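# Topology and contacts: notes
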Amino acid sequence: RVPSRYAPSFTPTLILGILVLLHALVLLLQHWSVSFNVWINFREMDVDVVVLPEGMMELDLDDDEQRLAVWKKNPLNGNSTDESKMMMDRSITNPPSTLPTHARVIPAKGNHVLVPIVYFPTLGMTFEYHRRRYIYDPDIGSWTKVRCRTDIPLDFLKNWKGFSSDHHLIS
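To keep things clear, this report deals only with the structure shown in the data block.

Parameters and conventions
- Residues numbered from 1 in each chain as written.
- Predicted model: local features only at pLDDT ≥ 70, side-chain atom pairs only at ≥ 80, totals over all residues.
- Heavy atoms only, no water.
- Helix = DSSP H or I, 4+ residues; strand = E, 2+ residues; numbered from the N terminus.
- Buried < 20%, exposed > 50% of the residue type's maximum accessible area, 1.4 Å probe, protein only.
- Contact = heavy atoms within 4.5 Å.
- Areas by Shrake-Rupley, 256 points an atom, 1.4 Å probe, with all protein chains shown as cover.
- Phe/Tyr/Trp six-rings, centres within 6.5 Å; stacked < 30°, edge-to-face > 60°.
- Pairing = 2+ DSSP bridges.
- Axes fitted to C-alpha atoms, helices over the stretch in contact; angles between N-to-C directions.
- Core = buried A, V, L, I, M, F, W, Y, C linked by side-chain atoms within 4.5 Å.
- 1 Å grid on protein atoms, 1.4 Å probe; cavity = no way out; pocket = protein on both sides within 12 Å on 5 of 7 lines; lining within 4 Å.
- Points joined across faces, edges and corners; volume = space filled by probe spheres on them.
- Nonpolar A, V, L, I, M, F, W, Y, C, P; charged D, E, K, R; others polar.
- Salt bridge = Lys/Arg side-chain N within 4 Å of Asp/Glu carboxyl O.
- Polar contact = N/O pair within 3.5 Å; in protein donor to acceptor, adjacent residues only side chain to side chain.

### Let's talk about the overall build of the protein
When helices and strands are counted, the protein shows 6 helices and 6 strands. Going from the N terminus to the C terminus, the protein shows its helices and strands as α-α-α-α-β-β-β-β-β-β-α-α. Per-residue burial over the protein gives 19% buried out of 171 residues. For the protein, the share of sequence-separated contacts (at least 6 apart) that also reach a separation of at least 24 residues comes to 46%. Accessible surface, the protein as shown: approximately 13900 Å² in total, 58% of it carbon and sulfur.

Right under this line is the structure:
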């Protein structure tokens, strides 16, 4: 049988098939393997050499007061604007490009997980894993869970009347 004059020859068809297969493998390997995903899309960096800018660690109280004013106008509206939904979200949305954006979590059992790093003015670098927030402590050089204080004496709790103003709620 004679092939059509518009049909490509065998070699270009073979090369196209190999390229399609390699492209599909690269896409699937990024989904299947965290190590491959990090190798292709990210640059690994040591968290001990990361220095957070001082201006990023300061809480902007004027911005919080504006958010509180918007929230007070309509606190329970589910169809509210994005700004009022973000009232208590103080995360830094555009950190400098020199800071890490993701962290690789290596659990004791199971597969590696890639989680996004979120920056907060008062906490610094944090990430959430299994609904628990972890913060980086540069003094000890490791990530620790955010824990509630348990050393408050009971006498303090018996006599405490609550916050005296709304300003304490946002700081």
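### What about the packing of aromatic side chains?
One pass over the structure, following the stated rule, counts 5 aromatic pairs. Relative to W39, the ring of F36 lies with its centre 5.7 Å away and its plane at 45°, an arrangement referred to as tilted. Here the residue F36 and the residue W39 both occupy positions in helix α2 (residues 34-41), the gap between them amounting to 3 residues, near one helical turn. F36 sits in the buried class, given a relative accessible area of 18%. Taking the centre distance of 6.3 Å and the plane angle of 25° together, the rings of F156 and W160 count as stacked. Residue class for F156 comes out partly exposed when judged on its relative accessible area of 44%.

### Some details on the sheet that holds strand β6 (residues 142-145)
One open sheet holds the 4 strands; their spatial order is β3-β4-β5-β6, and the pairing between them is antiparallel. For this open sheet the edge positions go to β3 (118-120) and β6, each flanked by a neighbour on one side alone. Ignoring which end each strand starts from, the neighbouring axes of this sheet average 40° apart. Direction of pairing for strand β4 (residues 124-129) relative to strand β5 (residues 132-137): antiparallel, over a ladder of 4 bridges. When the bridges of β5 are listed, E128 appears paired with R133.

### Focus on the nonpolar core
Within soluble globular proteins, side chains that are nonpolar tend to cluster in buried spots. Among the nonpolar cores identified, the biggest contains 13 residues, and V115, Y119, M125, F127 and Y129 are the most heavily contacted of them. If you list the elements that add at least two residues to this core, you get β1 (102-105), β4 and β5. Among the elements that make up this core, the one with the highest residue count is β4 (3 residues). Among residues more than four places away in sequence, those in contact with V115 are T101, H102, A103, V105, F127, E128 and Y129.

### Side note on the layout of surface pockets
Its boundaries defined by the atoms lining it, the largest pocket holds a volume of some 490 Å³. Those elements that provide at least two residues to the lining of the largest pocket are α2 and β1. When its residues are assigned to classes, the lining of the largest pocket shows 12 nonpolar, 4 polar and 3 charged.

### Digging into the pattern of salt bridges
Under the defined criterion, the tally for this structure stands at 2 salt bridges. R104 serves as the salt-bridge partner of E44, at 3.3 Å between the closest nitrogen and oxygen. Of this pair, E44 sits in the loop between α2 and α3 (61-73) while R104 sits in strand β1, and the two are 60 residues apart along the sequence. Owing to a relative accessible area of 28%, R104 belongs among the partly exposed residues under this scheme. Across the pair R133 and E128 runs a salt bridge whose closest N-O atoms are separated by 3.2 Å.

### Things to note about the environment of S33
Looking at the secondary structure, you find S33 in the loop between α1 (10-32) and α2. For S33, a relative accessible area of 25% puts it in the partly exposed group. Taking C-alpha positions, S33 is 8.9 Å from N111, a pair spaced 78 residues apart along the chain. Within the structure, the side chain of S33 is placed 3.2 Å from the backbone nitrogen of F36, a separation counted as a polar contact.

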